[in-house]
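Chain and residue survey
The lines below spell out each chain.
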Amino acid sequence: MARTDLTLGDLTARDHAFYGLVWAGTTLSTLVDQALIRAHDLPLSWFEVMLWLHAQDTPVAASDLGAKTLLSRSQVSRVADSLQARALVERVPSPTDARSVRIALTPEGRSLFAAADATRRTALAEVFDDRLDDADIAALEAVWTKLKQQPTA
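Residues numbered from 1 in each chain as written. Predicted model: local features only at pLDDT ≥ 70, side-chain atom pairs only at ≥ 80, totals over all residues. Heavy atoms only, no water.

A closer look at the overall build of the chain
The condition is simple: In this description a helix means any DSSP run of H or I spanning at least four residues, a strand means any run of E spanning at least two, and both kinds are numbered starting from the N terminus. Computation of the radius of gyration draws on C-alpha atoms, with the globule rule given as 2.2 Å multiplied by the number of residues to the power 0.38. Any residue under 20% of the maximum accessible area for its type is buried, any over 50% is exposed, and the rest in between are partly exposed; the area is computed with a 1.4 Å probe on protein chains only. Contact criterion: two residues are considered in contact whenever any of their non-hydrogen atoms come within 4.5 Å of each other.
Looking only at helices and strands, one finds six helices and two strands in the chain. Tracing the chain from N to C terminus, the helices and strands come up as α-α-α-α-β-β-α-α. Compactness check: the chain gives a C-alpha radius of gyration of 19 Å against a globular reference of 15 Å for 153 residues, more than 25% above the reference. For the chain, the spread of C-alpha atoms along the principal axes amounts to about 60 × 45 × 35 Å. Put simply, the chain has 153 residues, and 24% of those count as buried. Sequence separation of at least 24 residues holds for 48% of the intrachain contacts in the chain that already meet a minimum separation of 6.

Points about the nonpolar core
Soluble globular proteins tend to bury their nonpolar side chains together. Stated formally: Only buried residues count toward a nonpolar core, which is a set of Ala, Val, Leu, Ile, Met, Phe, Trp, Tyr and Cys residues joined through side-chain atoms within 4.5 Å.
L42, V49, M50, L53, L65, L83 and I103 are the most contacted members of the largest nonpolar core, which totals 24 residues. Looking at this core, the elements with two or more residues in it are helix 1 (13–40), helix 2 (44–54), helix 3 (62–68), helix 4 (73–85), strand 2 (101–105) and helix 5 (107–129). The element best represented in this core is helix 2, accounting for five residues. Ignoring anything within four residues of it in the chain, the contact list for L53 reads V60, L65, V89, I103, A104, L105 and R110.

Let's talk about the pattern of salt bridges
So the rule is basically this: Between Lys or Arg on one side and Asp or Glu on the other, a salt bridge is scored when a side-chain nitrogen of the former is within 4 Å of a carboxyl oxygen of the latter.
Scanning the model with the defined rule gives four salt bridges in all. In this structure, D117 and R121 form a salt bridge, with 3.3 Å as the shortest nitrogen-oxygen distance. With D117 and R121 both in helix 5, this residue pair falls four residues apart, about one helical turn. Taking the relative accessible area as the measure of exposure, D117 reaches 12% and is therefore buried. Members of the salt-bridge network, linked through shared partners, are D117, R120 and R121.

Digging into the packing of helix 1 against helix 5
Rule in force here: Note on geometry: axes are C-alpha line fits, over the in-contact stretch for helices, and angles between N-to-C directions span 0 to 180 degrees. For classification purposes, an angle smaller than 35 degrees is called roughly parallel, one larger than 145 roughly antiparallel, one from 65 to 115 roughly perpendicular, and anything else oblique. Each helix crossing is assigned a hand: it is left-handed if the near helix lies turned anticlockwise from the far helix by less than a right angle, otherwise right-handed if that turn is clockwise.
Running from amino to carboxyl end, helix 1 crosses helix 5 at an angle of 135°, the nearest separation of the two axes being 9 Å. Taken together, helix 1 and helix 5 sit at an angle that is classed as oblique. Crossing of helix 1 against helix 5: the hand is right-handed. Seen from helix 1, the contacting residues are L28, L31, V32, A35, L36, A39 and H40; seen from helix 5, they are L112, A115, A116, T119, R120, A123, L124, V127 and F128.

As for the confidence of the model for the chain
Close inspection of predicted coordinates is inappropriate for parts of the model with low pLDDT. To be explicit about the condition: pLDDT expresses how confident the predictor is about each individual residue, on a scale running from 0 to 100.
Within the chain, residue pLDDT values average 92, and 99% of them lie at 70 or more. The weakest mean pLDDT in the chain belongs to helix 3 at 86; the strongest belongs to helix 5 at 97.

A word on helix 2
Among the residues making up helix 2, those that are buried are W46, F47, E48, V49, M50 and L53. Looking at the buried residues of helix 2, the elements they touch are helix 1, helix 3, helix 4, strand 1 (89–93), strand 2 and helix 5.

Here we look at the environment of E108
Here is the rule: Definition of a polar contact: a pair of N or O atoms within 3.5 Å, with one able to donate and the other able to accept a hydrogen when the atoms are protein atoms, and with sequence-neighbouring residues admitted only if both atoms are side-chain atoms.
Along the chain, E108 falls in helix 5. Relative accessible area serves as the criterion here: at 48%, E108 is assigned to the partly exposed category. With 39 residues separating them along the chain, E108 and L147 place their C-alpha atoms 35 Å apart. Residues in contact with E108, not counting those within four places in the same chain, are A87 and L88. Reaching out from E108, the side chain makes a polar contact with the side chain of T106 at a distance of 3.2 Å.

Here you go:
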């Protein structure tokens, strides 16, 4: 049986742009997730937490990670539990609040992050990097900057 070529129909350019963003995000995230799991047994959500931790000089609170990642605080906590079970992160007491802990990458976590980041770059090379030039990247950065701004009341 022949497949029907589906279209989005008579949508506006703005609708097509929105669904294009959804498609790109879903498609690229799935591609990276599969590559990270295959190469490192590391889901994209774990990698994202490691990405933020890698860039920090000091341990951070799970709530701070939740505010920056696409994960809730409870999801960050579960990811941190999984990463800790693999000795990729450690929890340390907060220097300012005896009731809370902060999270940091271990040396093993930093090493795995570097390898996983190389895997991510390889997975994206053909479908992202090789297709977009510097002007495209600058245009995307401008769009993300606008979309991340808080709406004015």
